[in-house]
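# Coordinates in review
One-letter residues, chain by chain:
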Amino acid sequence: MVKILPWVLAAIFYAYQYTLRVLPSVFMSDITQTYDIDSAIFGQLTGLYYVGYSLAHIPIGLSMDRYGPRNVMSVGLALVLVGTLPFVCQSPWQMAMAGRIVTGMGSATAILGCFTVIRLSFPENMFSRILGITATIGLIGAMYGGKPLSYLAERYVWTAIIWWLLGAGFLLLVALWFLIPGKQDTRTESIGLDTLGRIMKNRKIVLISLIGGLMVGPLEGFADVWGIEFLKHVHDVHASRAATMVALIFLGFACGAPLVSWIGDITGRYYLLISICALVMGLGLGIVTFVTLSECAYYGVFTLLGIASSYQIFVVYKSTTFLPKEYVGQVSSVCNMIIMIFGYVFHSLIGGIMRVTQGECFSDPSKYSDLAYQTAVGVLPAAQIVALLLIVVFFRDRPRDLSTD
């Protein structure tokens, strides 16, 4: 029980930061009207989270070895709280943008801290199983940032809800400080500049990571921020039902990842499965973008989008097979960093395309035309097509060869 408690707290932190990650999607209208910003600036504001998240990976990995998970995760959660404060302190929108970078940096300590705490608390042969449970808990946090927050937003002032979340975060910070392990004698391998250079010079690692980034749109472009407003204004879906539909992407990912991973392990056809995921997400996003469906059909499509988002497991795994095994931790960290930076790319593209298509700027998201929303969100299925072509051209499965290419 003593060893399980630190993992439980680390997993709760991972879920908590996920709730704050998707928070702007629920309060989009409130944020844009409070700061009097248009879609392009809002896209920058939300996307900057991923800049901080991605760039912090390597420094946090080094700090985790040197200072231990308690110190690093506590500082990380403090950064998450500080980065969220501008939304409720009447700060200029520039401060809110800086806050999103800070929140992203702090959030990165959650998943990297989970890696460390799991290794310290459980036998090695249980690592993958516990990590899978951790990911599911985190995605529950993302789902909480959908319908439940939408329900609260209809009854309370949005800034009050954020204050409640900050209060909960402070209590979690106290628990982390007293119950998470400190610095340990056992260390994992760190990323040095020489190692980082060797990884970045490997064409296959960079290319498969870029493909993974192109495919991340359903999670980091649509589900995180733009999906609820898109469904409300283009397909006239009520806000609470739209939040439920978008949350199914996270639920599909959480439930589908073990099944998809099992299929990959028994077939060894990882590139084929990545291609199928790209095709499913491209078709699904294309249908959602341009076709109005029944409510049940939306539930089915979004669940499939979530299941197909499990491709990330294969991308990270395959990236680690292009260098010797001693580089596994470093390669997977760099791969995840490249994938996450595409969150900024997609949010910025969607917001900018909406402004260009509309031809004028609005602080109220409801004033944008259906065409503006559809043109902007259309970049997501287009990215899936590009990813599919790159996979087909540059990568091939070798029968039952699960370790090298």
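Residues numbered from 1 in each chain as written. Predicted model: local features only at pLDDT ≥ 70, side-chain atom pairs only at ≥ 80, totals over all residues. Heavy atoms only, no water.

One finds L77, M215, F222, L231 and F302 to be the most contacted residues of the largest nonpolar core, which totals 128 residues. Broken down by element, this core gets its largest block of residues, 12 residues, from helix α1 (residues 4-26). Every residue in contact with F302, bar those within four places of it in the chain, is listed here: F222, L231, M245, L248, I249 and V288. (Core = buried A, V, L, I, M, F, W, Y, C linked by side-chain atoms within 4.5 Å. Buried < 20%, exposed > 50% of the residue type's maximum accessible area, 1.4 Å probe, protein only. Helix = DSSP H or I, 4+ residues; strand = E, 2+ residues; numbered from the N terminus. Contact = heavy atoms within 4.5 Å.)

A few words on the packing of helix α14 (residues 270-290) against helix α16 (residues 311-319). At a closest axis distance of 9 Å, the pairing of α14 and α16 adopts a crossing angle of 145 degrees. Considering only the axes of α14 and α16, their crossing is left-handed. Where α14 abuts α16, its residues Y270, Y271, L273, I274, C277 and M281 lie against Y311, F314, V315, Y317 and K318. (Axes fitted to C-alpha atoms, helices over the stretch in contact; angles between N-to-C directions. Left-handed = near helix turned anticlockwise from the far one by under 90°.)

The end-to-end C-alpha distance of helix α5 (residues 69-84), which contains 16 residues, comes to 22 Å, matching closely the 22 Å that a straight helix rising 1.5 Å per residue would cover. Within α5, burial applies to P69, V72, M73, S74, G76, L77, V80, L81, G83 and T84. (Expected span 1.5 Å × (residues − 1).)

Taken together, L5, F170, L171, V174, W177, F178 and L179 make up a surface patch of nonpolar side chains, about 710 Å² in accessible area. Take the nonpolar patch: its biggest share by element is six residues, from helix α9 (residues 158-179). Of note, F178 is situated in helix α9. (Patch = residues over 30% accessible without salt bridge, like charges linked within 9 Å, V, L, I, M, F, W, Y side chains within 5 Å. Areas by Shrake-Rupley, 256 points an atom, 1.4 Å probe, with all protein chains shown as cover. Salt bridge = Lys/Arg side-chain N within 4 Å of Asp/Glu carboxyl O.)

Turning to unusual backbone geometry, a few remarks are in order. Located in the positive-phi region is D36, a residue other than glycine, with phi close to 55 degrees. Tracing the backbone shows D36 in the loop between α2 (28-35) and α3 (39-55). Here D36 falls in the exposed class, since its relative accessible area comes to 61%. Unusually for a residue other than glycine, D236 sits at a positive phi of about 55 degrees.

This part covers the packing of helix α11 (residues 203-214) against α16. It is the contact of α11 with α16, at a shortest axis distance of 9 Å, that shows an interaxial angle of 170 degrees. Here α11 lies roughly antiparallel to α16, going by the angle between them. Together, I205, I208 and G212 of α11 and Y311, V315 and S319 of α16 make up the contact between the two elements. Along the lines of polarity and charge, the residues of the contact of α11 with α16 split into four nonpolar, two polar and no charged. (Parallel < 35°, antiparallel > 145°, perpendicular 65-115°, else oblique. Nonpolar A, V, L, I, M, F, W, Y, C, P; charged D, E, K, R; others polar.)

Our focus in this paragraph is the packing of aromatic side chains. Counted under the stated rule, the structure contains 16 aromatic pairs. Between the aromatic rings of Y14 and Y18, the centroid separation amounts to 5.8 Å while the plane-to-plane angle is 65 degrees, which identifies the pairing as edge-to-face. Taken together, the residues span about one helical turn, with Y14 and Y18 both in helix α1 at a distance of four residues. The two residues Y14 and Y18 agree in class, both being buried. (Phe/Tyr/Trp six-rings, centres within 6.5 Å; stacked < 30°, edge-to-face > 60°.)

Inspection of the secondary structure assignment puts G359 in the loop between α17 (328-358) and α18 (370-377). For G359 and A372, which are 13 residues apart along the polypeptide, the C-alpha to C-alpha distance reads 9.3 Å.

A residue-level look at the protein chain finds 89% of positions with pLDDT of 70 or above and a mean pLDDT of 82. Considering only residues more than four positions removed or in separate chains, one finds that residues 401-405, a stretch of pLDDT under 50, has 16 contacts. (pLDDT = per-residue confidence, 0-100.)

Within the structure shown, the criterion is met by three salt bridges. Residues D38 and R355 are paired through a salt bridge, measuring 2.6 Å at the closest nitrogen-oxygen approach. Linking D38 in the loop between α2 and α3 with R355 in helix α17, this pair joins segments that are 317 residues apart in sequence. A residue is classified by how much of its surface remains accessible, and D38, at 5% relative accessible area, is buried. The class for R355 is partly exposed, based on a relative accessible area of 32%. Measuring nitrogen to oxygen at the nearest pair gives 3.1 Å for the salt bridge that ties E229 to K232. Residue E229 and its partner K232 are both found in helix α12 (residues 217-234); the two are separated by three residues, about one turn of the helix. Taking the relative accessible area as the measure of exposure, K232 reaches 24% and is therefore partly exposed.

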